[in-house]
Amino acid sequence: MKPIRVGLLGFGTVGGGTFQVLTRNQEEISRRAGRRIEIAAVCRRDLAAARAQVGEGVRVVADPMEIVRDPEIDIVVELIGGEGVAKDVVLAAIENGKHVVTANKALLAVHGNEVFTKAQAKGVMVAFEAAVAGGIPIIKALRESLAGNRIEWVAGIINGTTNFILSEMRAKGLDFDVVLKEAQRLGYAEADPTFDIEGVDAAHKLTILSAIAFGTPVQFDKAHVEGITGLQAIDIKYAEQLGYRIKLLGITRRRDELGGIELRVHPTLIPTQRLIANVEGAMNAVMVQGDAVGTTLYYGKGAGAEPTASSVVADLVDVTRLATADPDHRVPHLAFQPDQMGSTPILPMSGVRSSYYLRLRVADETGVLSRITTILAENDISIDAVLQRESLQGERQTDLIILTHVTVEERMDRAQEFMQSLPSVLAPIVRIRKEDLA
Ligand code: NDP
Ligand code: HSE
């Protein structure tokens, strides 16, 4: 059979990894796909660098539209990133009847509804396994392997850069900036690393997972997003003392009693005994709770050239295998048939249920603890644990750490406001959400 011809747009970390994996495992991949998958053209603006990377025999261009318009190209692999050029080339490729493989979570989280609708109308596939959790096949697991379940929640460490930063800071005591530079050198970080550290990249990925889990359109603009830049080393230490680890967690959960879905990314205390709390470095892990299967956990490299290429190439094989199938009988882009998508709303943060870690800098004087616990009790918030650091000699203030049981966020907001107004509370209260993931 005639080889399937691929145009690779973007030839950086993931593009380079994809080229290497396809070249190295060509024979085995062809045996799996049923025909040869051939990179016919690559695109990057630095033509000399691209030529040096691919050698003879592969066309090299600087304008991605040249590939998108080429009638000889069957599949366009978009690995440029971002929402600008990448969006134009993906939409143009679909318009020209080409299947698309992409690792671009920013594009799909924000413009996925438009992209998938157009692909459906044109009868082409848009495959995006690499867009979430790098090398972990979580999209396929959720969309296909767990199709018999009613999904209750999905929670994951889905940004390698921030997990790498938190791990290195905790284990080696390294500074934030030093570790971020190392993550950039290793190719984990986004072109704009603020997307990683401010939680945006994780929210992009969570948005896609949520849509697939619950059969709703992508709704990135409704996600609650907090990164790790406000996190202080002292809270990582106190959390350890209490038996917790702090991770940047993405959580999406069905809340039938409120008729909505939680969609949130924020630093989270997780009990150290959970497997996911021990996911270190650039590794990712995603937990999925389904009514039939129970809790499942998917673990692997969440970033980097070849782990991500592993997913890109798997999508190429899938598209190659399915290209001849009737478009209405392929696996739907967002798991549910397009005319069966639901409209369940994303809940505001005030309705979210969570437990909390609170750190209060307080005056070391009689009655402080009782005033604080009274406020919590008055707001119907139950305390799980309390830790008070012994005051150092001559010091008239101390840290009071409180862990609460699960409550509703708006109650915690109210209680925090009251506690903050006490004269004996000397600094802004630090609050981090806590999930038991049991
Ligand atoms: P890189 O920055 O390493 O590579 C981007 C490539 O695109 C470069 O080859 C660049 O080359 C080329 N490029 C940029 N703009 C243009 C343009 N206007 N026209 C033509 N080529 C262009 O990014 P990554 O490989 O890290 O990321 C690619 C995608 O994969 C992103 O969507 C990212 O979010 C996603 N991803 C990345 C992972 C990772 O571990 N790095 C993991 C999972 C997903 P030149 O400058 O020469 O044009
Ligand atoms: N910047 C991303 C991360 C790359 O650190 O996880 C993988 O999507």
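This one's a predicted model, so the numbers in the text were calculated from it and none came from an experiment.

**Student:** Where do I start with the nonpolar core in this structure?
**Tutor:** Ranked by internal contacts, the top residues of the largest apolar core, which has 83 residues, are Phe128, Ile138, Ile208 and Val288. Of all the elements, helix α11 (residues 200-214) adds the most residues to this core, at nine residues. Contact partners of Val288, with chain neighbours within four places excluded, come to Ile138, Leu142, Leu146, Ile151, Trp153, Val154, Gly294, Thr295, Thr296 and Tyr298. The next biggest cluster of nonpolar side chains, apart from the first, holds 31 residues, and it includes Leu8, Val60, Ala130 and Val313.

**Student:** Which parts of the structure should I look at to understand the packing of aromatic side chains?
**Tutor:** For any two aromatic rings, the description comes down to two numbers: the centre-to-centre distance and the angle of the planes. Inspection of the entire model under this criterion finds three aromatic pairs. Aromatic pair Phe116 and Phe128: ring centres 5.4 Å apart, planes at 35°, arrangement tilted. Of this pair, Phe116 sits in helix α6 (residues 105-122) while Phe128 sits in the loop between β6 (126-127) and α7 (138-145); the two residues are 12 residues apart in sequence, bridging distant segments of the chain. On the basis of relative accessibility, which here comes to 7%, the residue Phe116 falls in the buried class. Ring centres of Phe164 and Tyr188 lie 5.6 Å apart, and the angle between their planes is 75°; this geometry places the pair in the edge-to-face category. Highlighted residues: Phe164 in helix α8 (residues 160-172) and Tyr188 in the loop between α9 (176-185) and α10 (194-197), separated in sequence by 24 residues. For the pair shown, Phe164 and Tyr188 are each scored as buried. Its end group placed over the ring of Phe128, Arg143 keeps NZ or CZ at 5.5 Å from the ring centre.

**Student:** Is there a simple way to think about the sheet that holds β6 in this case?
**Tutor:** As a general point, the strands of a sheet are linked pairwise by backbone hydrogen bonds and lie either parallel or antiparallel. The parallel open sheet is built from six strands, whose spatial order is β3-β2-β1-β4-β5-β6. At either margin of the open sheet sits one strand with a lone partner, and together these are β3 (59-61) and β6. Pairing between strand β1 (residues 4-9) and strand β4 (residues 75-78): four bridges, direction parallel. Bridging from a neighbouring strand, Gly7 pairs with Val76 of β4.

**Student:** Explain the site of ligand 1 to me, please; I cannot follow it from the model alone.
**Tutor:** Ligand 1 sits among 24 residues. The nearest are Phe11, Arg44, Arg45, Glu190 and Gly304. For ligand 1, whose accessible area on its own is 880 Å², the fraction buried by protein is 83%. Per-class residue counts for the shell around ligand 1 are 11 nonpolar, eight polar and five charged.

**Student:** What's the story with the side chain of Gln289 in this structure? I'm lost.
**Tutor:** Of note, Gln289 is situated in strand β11 (residues 283-290). Once residues lying within four places of it in the same chain are set aside, the contact partners of Gln289 are Arg150, Ile151, Glu152, Trp153, Gly294 and Thr295.

**Student:** Which parts of the structure should I look at to understand the pairing of β4?
**Tutor:** Residues in a regular strand project their side chains so that they alternate between the two faces of the sheet. Neither face of β4 is left uncovered, since the one carrying Ile75 and Val77 and the one carrying Val76 and Glu78 both have all their residues buried. In this sheet, strand β5 (residues 99-102) lies alongside β4 in parallel orientation, the contact comprising four bridges. Pairing of Val77 across the sheet is with Val101, part of β5. A crossover connection joins β4 to the parallel β5 through helix α5 (residues 85-95); in handedness this β-α-β unit is right-handed.

**Student:** Could you clarify how one ought to interpret helix α13 (residues 305-322) in this entry?
**Tutor:** Residue pairs three or four apart in sequence face the same way in an α-helix, which turns once every 3.6 residues. Relative to the 26 Å expected for 18 residues at 1.5 Å per residue, α13 spans 26 Å between its end C-alpha atoms, a close match to the ideal helical length. All of the buried residues along α13 are Thr308, Ala309, Ser311, Val312, Val313, Asp315, Leu316, Val317, Asp318, Val319 and Thr320.

**Student:** Looking at this structure, I do not really get the site of ligand 2. What am I missing?
**Tutor:** Around ligand 2, the neighbouring residues are Lys105, Asn159, Gly160, Thr161, Tyr188, Ala189, Glu190, Asp196, Asp201, Lys205, Gly302 and Ala303. Residue Gly160 places a main-chain N or O atom 2.7 Å away from an oxygen atom belonging to ligand 2. Asp196 places a side-chain nitrogen or oxygen 2.7 Å from a nitrogen atom of ligand 2. Taking 250 Å² as the accessible area of ligand 2 by itself, protein coverage stands at 93%. Elements that contribute at least two residues to the shell around ligand 2 include exactly α8 and α11. In the shell around ligand 2, the residues fall into three nonpolar, four polar and five charged.

**Student:** Looking at this structure, how should I read unusual backbone geometry?
**Tutor:** Glycine aside, residues mostly have negative phi, and peptide bonds are mostly found in the trans state. Even without glycine at this site, Ala335 takes up a positive phi of about 75°. Looking at the element boundaries, Ala335 is found in the loop between α13 and β13 (353-363). Of note, the phi angle at Leu437 is positive, near 50°, even though the residue is not glycine. Relative to the elements of secondary structure, Leu437 occurs in the segment after β17 (430-434). Overall, the relative accessible area of 7% leaves Leu437 in the buried class.

Criteria and thresholds
- Residues numbered from 1 in each chain as written.
- Chains lettered and ligands numbered in written order.
- Predicted model: local features only at pLDDT ≥ 70, side-chain atom pairs only at ≥ 80, totals over all residues.
- Heavy atoms only, no water.
- Core = buried A, V, L, I, M, F, W, Y, C linked by side-chain atoms within 4.5 Å.
- Buried < 20%, exposed > 50% of the residue type's maximum accessible area, 1.4 Å probe, protein only.
- Helix = DSSP H or I, 4+ residues; strand = E, 2+ residues; numbered from the N terminus.
- Contact = heavy atoms within 4.5 Å.
- Phe/Tyr/Trp six-rings, centres within 6.5 Å; stacked < 30°, edge-to-face > 60°.
- Lys NZ or Arg CZ within 6 Å of the ring centre and 35° of its normal.
- Pairing = 2+ DSSP bridges.
- Near = heavy atom within 4 Å.
- Areas by Shrake-Rupley, 256 points an atom, 1.4 Å probe, with all protein chains shown as cover.
- Nonpolar A, V, L, I, M, F, W, Y, C, P; charged D, E, K, R; others polar.
- Right-handed = clockwise from strand over helix to strand, strands pointing away.
- Expected span 1.5 Å × (residues − 1).
- Polar contact = N/O pair within 3.5 Å; in protein donor to acceptor, adjacent residues only side chain to side chain.

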